[in-house]
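This is what each chain is made of:
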Amino acid sequence: MRLSAVTAGALTLPGQAISKISSPKLTDLYEFAINHTPEDYGVGTLIRLTDTTAFDDLSDLDLQEYRQTDDGEPAAYAQLDNTIIENIIDIDTVVRLEFSPGANPFWQLSNYEPRVFPPAIESVDDLDFEETITGLQTLEQRHDDRLSLTSIGQSPGWFNHALGDLEPSDVWVAELTNDIGDEAAFADKKKVIYACSIHGDERSGAEAGTRFIERLLKGEESETEALLDDVVLIFLYPNPDGWNARLPQYAQENQNSAERLTAKRGSARVEDTNRQYPTAGWIDPAYFPAEPDGTNLVDDDPDIDDDVPKAYQKNVPDPLKIVEHFRDYENLAYAADLHEMGYRKNFALGLHVNTEYDLQQTHDIYELNRELKPRLNDQLGDLLKEREDVFQQYIDEEAEDPEAVPLPTEIPFDYGTITDTLGYQTTGILVSWMGHPEEYGGLGMQTLAYEIAGPAPRWPELMDLNVMAYSEVIRSLAAHALRDVEATVQTGGRSTAYVTTDTVTRSSNDLVFAESKASHTGETMTVGPEPTTMTVAIEENTRSVTFQIVERTDTAVVATLRDPDGTVRATYDSQKDESDAARMCITESTSGKWTVEVINPREEPPEKGEVAVVVDTVTSEPIEDGIASLDPRDILGYEQREYEVTPFSFLEGYSEFLDEGQLDAVSVADVQDGALLDDGQPAYDNLVVIHNEGVEDAAYTDALDAFVNADGNVLLTDSGVRVLAHLDNDHVSSITEDDIHDETVFSVAMNAYEESHPLRENARPIQRELYTPAPVGYPVTTEGDAPATVVDVEQFQSADGDSAGRLMTTPNRDTVSDLVVAGSIQDNGTGVHIVGGLLPPAFQEQLHPFGMLNHSVSLLGYLTVTNALGHKQRRVVDGEEVIFGETILTGDQAQVYYPDATEDEDE
Ligand SMILES: [Zn+2]
């Protein structure tokens, strides 16, 4: 077992005052706040007055965000810096100054007219945690037939330097429906969950969700209000620590910097609260997957089980309670996790997350996004364009390199997988867990994540747009919950068989555990203008190492990871990369001295910045034969969940959606015995081969050739692509073993593709990824562990093949390779098609405590199969067929996924 997370608090010396202002008119907390923020930082201040005569004096001072009220008690609000405070203290009618973070300047006076939560554009700052909960409690009192607020647990909590004590915060859930006390009706209704700001520094979710609750209760959301006899809206506030982190009493680092007075992505104990959920497939041992059923994965107790290892109770008490709480609902339908992202040309993105979905579920989720797109356009109208100058002003003021930052208004909304949209892979995220089947501990829901261009606090015109957009997401998802989406596959009468084998089945019974060991260490490094280096000794039999670079002070950092040979294995640049890239994971066993070098790349860097380098390694004893599976009991404290999975489950599932007929299973022996031909004619129109069993057997490959020559149509996927080298028929004869490669990459995707290729019919330009690796056990590593079997483009083309898509190899993810991942060698749709990565057998060598899914095929993956087989997918919504493959990008924009990608013909 690991000990505990390396926490920020242990590494720095917070709590030291910057200035020393004192007066009996200041509350203790206010005095702390004003003395522990930079002198020019505007501290949200409630100014209590004996009468209104001070209004003139105050308004003359030209105070930041000055507001006044005479509603009940006379008071004013302003964001005061140290230079002005003395003047205000001296005003006779000023009775007291109180710390007042939050959006509504007078929330501490319960001054809630005209509304509890003012519109973002009128707000003095982002919503504060305590303000939000106090305000929601007020709404609950006013509308106790519709709104119910519950604390479901507590965060780890920051140390409150003003109080001198550790201060956990509550994790709140707000439920909104008609007749909320009617338990039977509540149970029957469909539940729609909105996770509000699981990343604490991404405020838009909570800003929108909280205001939406009030708007609905005030009768301003008639479309959604009309659904409340059938739907329960559930708003989860999962990360109070990250939210509270911007308050000076909780400040973790050198406070002499306004940039440290910011909300944080993670909690007080973990860097990323959205990687700690018990998802199936690969789990990064650097995370704390929160499984409240404990070691035995069995629910022994109505609350968190006693056998949950202590490290989890300490580090992830909040995710533990969230998992426990949501497992109790009935009729869970949809969940959306509302995030923010850095600036790119999209204003908002819809993300299809990692789990196993059947064809209908996949279409259901994509349909939701298809509906959302025009709704967002209607809602935002021309405002995005109108406020381009505000976006530009924001970029100029906040970006390290304003020239490099695009205006996020070019494409208001697009949607695809996480890799399609953001270019990274995940494990352990909240909505993947919610999307998992219940037998895997999930909630069996249809889930998505959303991203939106995120502003820093105190940019009301930008937050206003985000609130509008996310309010539309909330409405749209609620409305969608009552729609009926059906997907079918029209075969056009084409019959299909697939070749079975036992060799791709994976079972927990196959696992051979060797004694495994995890270690967790960390070191603080100085980041300055000169490089500094830390050495990490990696032992023999190491199976994976995760290096996380965590900024401890306001600094920019370029980190370089080198192996014992001095080869650069990963880099991270905090000014350019997504924060996920700060986690550099390598799966291999090269023992020796690895180094991490850090440097501040800014032109005039401060003398000293600090990062923590946190290193998690997993080792296991060698075994006689083959490769041991890592024992989750030794590493995480959980038993291995039992499973038996096979990628054939994908084909069986697909078969259920055919409008006529079914997919027939035939064995290699059946093929050898002539199952593919009937009197010289194809016995089936299509044959699917997802593996290379039998390729050395001429009777098998001869039968495949005869089938192709008789105009049978073949789809080869994954290691089945290797069959190409053994074929000699009218379509395929020249491709050899040397032309075919087994690659492992970060993401198996058509990174560069031919837009009009038939395999991409009905695909939208952003769609590139074919399957997500983690749910089937493949680690999300810097160098890429996701398998694909691909063909050299030159050989493929000289064999009369048309490439549909080429792969981008890792680690050079900015360069498109010359390897065909999808393509066809065919005439009029009949011939041989390849999809090199779609249905890999599950990978069992790395940690996967919560079992394994059968497959994790994307909608694009489904489409390639349908198109290769000459089928058509139909999507019917409430009885009406909809067109789902609409184009957003065209021409050059559509060609290459990564914005900076270049085509390198030499590669
Ligand atoms: Zn996020």
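All values reported here derive from a predicted model rather than from experimental measurement.

**Concerning the domain arrangement of the protein chain**
By convention, interface size is frequently given as the accessible area that disappears when the constituent parts associate.
Then, in step 1: You can read the domains of the protein chain as domain 1 (8–100), domain 2 (120–276 + 316–483), domain 3 (487–506 + 644–903) and domain 4 (516–620).
Then, in step 2: Inter-centroid distance (C-alpha atoms) of domain 1 to domain 3 is 64 Å.

**What about the coordination of the zinc ion?**
For a metal with four tetrahedral donors the ideal donor-metal-donor angle is 109.5 degrees, whereas six octahedral donors ideally subtend 90 or 180 degrees.
Then, in step 1: Those protein atoms acting as donors to the zinc ion are H199 (ND1), E202 (OE), E202 (OE) and H339 (ND1), and they sit at 2.0 to 2.6 Å.
Then, in step 2: One can describe the site at the zinc ion as irregular: its four donor atoms subtend angles covering 54 to 155° at the metal.
Then, in step 3: Read in sequence order, the donor residues for the zinc ion give the motif H-x2-E-x136-H. One end of the pair, E202, is in the loop between β9 (190–196) and α6 (204–217); the other, H339, is in the loop between β11 (332–338) and β12 (346–352), with 137 residues separating them in the sequence.
Then, in step 4: Residue classification places E202 among the buried residues on the basis of a relative accessible area of 7%.

**Some thoughts on the nonpolar core**
Then, in step 1: With 119 residues, the main nonpolar core has L233, F235, F347 and Y450 as its most contacted residues.
Then, in step 2: It is helix α16 (residues 460–480) that contributes the most residues to this core, twelve residues altogether.
Then, in step 3: Each of domain 2 (120–276 + 316–483) and domain 3 (487–506 + 644–903) gives at least three residues to this core.
Then, in step 4: Ignoring sequence-local partners within four residues, the contact set of F235 consists of W172, V173, A174, L176, Y194, C196, G209, F212, I213 and I474.

**Considering the sheet that holds strand β3 (residues 75–80)**
Then, in step 1: Judged by pairing direction, the sheet is antiparallel, and its four strands sit side by side in the order β2-β3-β1-β4 without closing on themselves. Only two strands of the sheet have a single neighbouring strand rather than two, namely β2 (64–69) and β4 (94–99). For this sheet, the mean inter-axis angle between neighbouring strands, taken without regard to orientation, is 20°.
Then, in step 2: Here strand β1 (residues 43–49) pairs with β4 via five bridges, running antiparallel. By the bridge assignment for β4, T45 is matched with F99.

**Considerations on the pairing of strand β39 (residues 802–808)**
Put simply, side chains in a regular strand alternate between the two faces of the sheet.
Then, in step 1: β39 sits mainly inside the fold: six of its seven residues count as buried.
Then, in step 2: One ladder, built from two bridges, connects strand β36 (residues 752–753) with β39; its direction is antiparallel. Counted as the bridge partner of A752 is R806 from β39.

**A closer look at helix α4 (residues 129–142)**
In an α-helix, one full turn covers 3.6 residues, which means residues spaced three or four apart are oriented alike.
Then, in step 1: Helix length check: α4, at 14 residues, gives a terminal C-alpha distance of 20 Å against a target of 20 Å (1.5 Å per residue), a fit within 8%.
Then, in step 2: For α4, the elements touching its buried residues are β5 (147–154), β8 (170–176), α6, β10 (231–237) and α8 (240–244).
Then, in step 3: For α4, the N-terminal capping position is held by D128, with its side-chain oxygen 3.1 Å away from the main-chain nitrogen of E130.

What counts and what doesn't
Residues numbered from 1 in each chain as written. Predicted model: local features only at pLDDT ≥ 70, side-chain atom pairs only at ≥ 80, totals over all residues. Heavy atoms only, no water. Domains from an automatic or database assignment. Donors = N, O, S within 2.8 Å, 3.2 Å for Na, K, Ca; no water. Tetrahedral: all angles 85-135°; square planar, octahedral: opposite > 155°, others 65-115°. Helix = DSSP H or I, 4+ residues; strand = E, 2+ residues; numbered from the N terminus. Buried < 20%, exposed > 50% of the residue type's maximum accessible area, 1.4 Å probe, protein only. Core = buried A, V, L, I, M, F, W, Y, C linked by side-chain atoms within 4.5 Å. Contact = heavy atoms within 4.5 Å. Pairing = 2+ DSSP bridges. Axes fitted to C-alpha atoms, helices over the stretch in contact; angles between N-to-C directions. Expected span 1.5 Å × (residues − 1). Polar contact = N/O pair within 3.5 Å; in protein donor to acceptor, adjacent residues only side chain to side chain.

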